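A structural walkthrough
This is what each chain is made of:
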Amino acid sequence: MNNEDFWWIVGRYLGDGWLRTQGGIIVCCAKDELNEIIPHLKQCNFNYSVVEERTVFKIHIPLKELSEFLKVYGKGAKNKHLPGYVFDMPCNLLDNIIKGYISADGYINNKIYKVSSISRDLIYGMAQIVAKTYKTPYRIYKNHR
């Protein structure tokens, strides 16, 4: 549980992942992002396979224990959130959750980190761990599409 790469994968899952029906997870990425994700998977010693679709790669990690662990983070993009224990984690691990999430659903512009989600609970949770980890304030904007 002290593996920083594991928590980076958790952050990436929160942004672009879902639970597999038969156990394990799938993490989706743009074709130019695959090389960013693979080193983290290797550091976790996860078995995985990559399926190329027309515009994306889908990384299948068939580890049932991983899907059981990630169930507490919610199912479906709108229902994802950070469970309570996350807020008590050390800052180095929280930093990796944030970086993994930014990799999926965020970007950096002029040293300002921006993330998005359709999950209100996830955004507020991410904001809290940003404040704890980086000792900085945050802003949340709601956009109607």
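For the structure itself, consult the block above.
First things first, this report covers the structure right here in the doc. (Residues numbered from 1 in each chain as written. Predicted model: local features only at pLDDT ≥ 70, side-chain atom pairs only at ≥ 80, totals over all residues. Heavy atoms only, no water.)

Focus: the environment of Val115
- Looking at the element boundaries, Val115 is found in strand 6 (residues 112-115).
- Overall, the relative accessible area of 36% leaves Val115 in the partly exposed class.
- On a C-alpha basis, the gap between Val115 and Val10 in space is 15 Å, while along the polypeptide they are 105 residues apart.
- In contact with Val115, not counting residues within four places along its chain, are Tyr101, Ile102, Asp105, Gly106 and Ile123. (Helix = DSSP H or I, 4+ residues; strand = E, 2+ residues; numbered from the N terminus. Buried < 20%, exposed > 50% of the residue type's maximum accessible area, 1.4 Å probe, protein only. Contact = heavy atoms within 4.5 Å.)

Remarks on helix 1 (residues 4-16)
- With 13 residues, helix 1 should cover 18 Å at 1.5 Å per step; its first-to-last C-alpha distance of 18 Å lies within 8% of that length.
- Here helix 1 starts with a cap whose side-chain oxygen sits 2.8 Å from the backbone nitrogen of Asp5, and that cap is Asn3. (Expected span 1.5 Å × (residues − 1). Polar contact = N/O pair within 3.5 Å; in protein donor to acceptor, adjacent residues only side chain to side chain.)

What about the sheet that holds strand 2 (residues 25-30)?
- Strand order in this open sheet of four strands is 1-2-4-3, and the pairing throughout is antiparallel. Two strands lie at the open edges of the sheet, namely strand 1 (17-19) and strand 3 (49-52), each paired on one side alone. Direction aside, the axes of adjacent strands within the sheet are offset by 25° on average.
- Bridge analysis of strand 3 against strand 4 (residues 56-61) gives four bridges, and the strand direction is antiparallel. Its bridge partner lying in strand 4, Val50 is registered against Ile59.
- Helix 2 (residues 34-43) rests against strand 2, strand 3 and strand 4 of the sheet, and its axis sits at about 10° to strand 4. (Pairing = 2+ DSSP bridges. Axes fitted to C-alpha atoms, helices over the stretch in contact; angles between N-to-C directions.)

Keep in mind these values describe shape, not function.
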